[in-house]
Amino acid sequence: MSENVIKIKSFSFALKIVELYKFLSNDKKEFVLSKQLLRIGTAIGALVREAEQAESKLDFIHKLAIAQKEANESDYWLELLFQSGYLDEIQFQSVKSEIVEINKISASIIISTKQRIGKL
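Below is a summary of the structure that appears in this document. In this text, all values refer to a predicted model and were calculated from it rather than measured experimentally.

## Re the overall build of the protein
Then comes step 1: Scanning the protein from terminus to terminus reveals four helices and zero strands.
Then comes step 2: Element order for the protein, N to C, with α for helix and β for strand: α-α-α-α.
Then comes step 3: Taking the principal axes of its C-alpha atoms as reference, the protein extends roughly 50 × 25 × 20 Å.
Then comes step 4: Counting all 120 residues of the protein, 40% fall into the buried class.
Then comes step 5: Within the protein, residue pairs in contact and separated by at least 24 positions form 73% of the contacts whose partners lie at least 6 positions apart.
Then comes step 6: For the protein, the accessible area works out to roughly 7100 Å², and carbon and sulfur atoms hold 56% of it.
Then comes step 7: Counting 17 positive and 16 negative side-chain charges, the protein places the centres of these two groups 5 Å from one another.

## Quick notes on the packing of helix H1 (residues 5-26) against helix H2 (residues 32-52)
Then comes step 1: Viewed as axis vectors pointing N to C, H1 and H2 meet at an angle of 160°, and their least axial separation amounts to 9 Å. Here H1 lies roughly antiparallel to H2, going by the angle between them. Like other packed secondary-structure pairs, H1 and H2 cross with a definite hand, here left-handed. In this structure, H1 contributes Ile6, Lys7, Ser10, Phe11, Phe13, Ala14, Ile17, Val18, Leu20, Tyr21 and Leu24 to the contact, and H2 contributes Ser34, Lys35, Leu37, Leu38, Gly41, Thr42, Ile44, Gly45, Val48, Arg49 and Glu52.
Then comes step 2: For the contact of H1 with H2, the class distribution of residues is 13 nonpolar, five polar and four charged.

## With respect to the side chain of Ser74
Then comes step 1: Its location among the elements puts Ser74 in helix H3 (residues 57-83).
Then comes step 2: Residue classification places Ser74 among the buried positions, given a relative accessible area of 0%.
Then comes step 3: Setting aside residues up to four positions removed in sequence, Ser74 forms contacts with Phe13, Leu37, Ile40, Gly41, Ile44 and Ile99.

## Thoughts on the environment of Trp77
Then comes step 1: Following the sequence through the fold, Trp77 ends up in helix H3.
Then comes step 2: Judged by relative accessible area, which is 13%, Trp77 ranks as buried.
Then comes step 3: Trp77 sits 41 residues away from Gln36 along the chain, and the two C-alpha atoms are 7.4 Å apart.
Then comes step 4: Ignoring sequence-local partners within four residues, the contact set of Trp77 consists of Leu33, Gln36, Leu37 and Ile40.

## Section: the nonpolar core
Then comes step 1: Among the nonpolar cores identified, the biggest contains 28 residues, and Phe13, Leu20 and Leu78 are the most heavily contacted of them.
Then comes step 2: With eight residues, H3 is the largest single contributor of residues to this core.
Then comes step 3: Apart from residues lying up to four places away in sequence, Phe13 is in contact with Gly41, Ile44, Ser74, Leu78, Val95, Glu98, Ile99 and Ile102.

The rules behind these values
- Per-chain numbering applies: the sequence of each chain, read as written, is numbered from 1 onward.
- pLDDT decides what is reported in this predicted model: residues at 70 or higher carry local features, side-chain atom pairs at 80 or more are listed and counted, and totals for whole chains, interfaces and linings draw on all residues regardless.
- With hydrogens and water stripped out, all remaining heavy atoms of the structure feed into the side-chain values.
- Only runs of H or I of at least four residues qualify as helices and only runs of E of at least two qualify as strands under DSSP, and these elements are numbered from the N terminus.
- Under the scheme applied here, a residue whose accessible area is under 20% of the maximum for its type counts as buried, over 50% as exposed, and between as partly exposed, the area being computed with a 1.4 Å probe on protein chains only.
- Here, residues are in contact when the closest pair of their heavy atoms is within 4.5 Å.
- Here the accessible surface of atoms and residues is derived via Shrake-Rupley with a 1.4 Å probe, and residues count as covered only by protein chains that are part of the display.
- Note on charges: Lys and Arg go in the positive column, Asp and Glu in the negative column, and His and the chain ends are not counted at all.
- We put the charge of a Lys on NZ, of an Arg on CZ, of an Asp on CG and of a Glu on CD.
- Axes here refer to lines fitted to C-alpha atoms; in helices the fit is confined to the stretch in contact. Angles between the N-to-C directions go from 0 to 180 degrees.
- An angle below 35 degrees is read as roughly parallel, one above 145 as roughly antiparallel, one from 65 to 115 as roughly perpendicular, and any other as oblique.
- Handedness of a helix crossing follows the sense of rotation of the near helix relative to the far helix, less than a right angle counterclockwise being left-handed and clockwise being right-handed.
- Throughout this entry, Asp, Glu, Lys and Arg are counted as charged residues, while Ala, Val, Leu, Ile, Met, Phe, Trp, Tyr, Cys and Pro are counted as nonpolar. The remaining residues, Gly among them, count as polar.
- Joining through side-chain atoms within 4.5 Å is the link that ties buried Ala, Val, Leu, Ile, Met, Phe, Trp, Tyr and Cys residues into a set, and such a set is a nonpolar core.

Structure follows, in structure tokens:
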């Protein structure tokens, strides 16, 4: 059985988001933006796990597409935290590169699944 890359990467990303949330709330005393990022950044992996148990290929695509939307929203909150000075360049780039990769992987999975079922 091959490893599930999107499952591994989304869980790893969620762990980094939890650590980033701790840093932002404890060290930077930032609670509103960081809470949004925590909520949305950890939802990606949960939706990927949900997609594993999809009732059909269309349901799988739908759940993974929602995960991709959450990844895009995470990217927004990360950019906002960076542009507002809560994250430095190194902190921002370390998580930014992961969310870009998650978006690319999820897009590829969605496209290939649509092609397999003839919906593209």
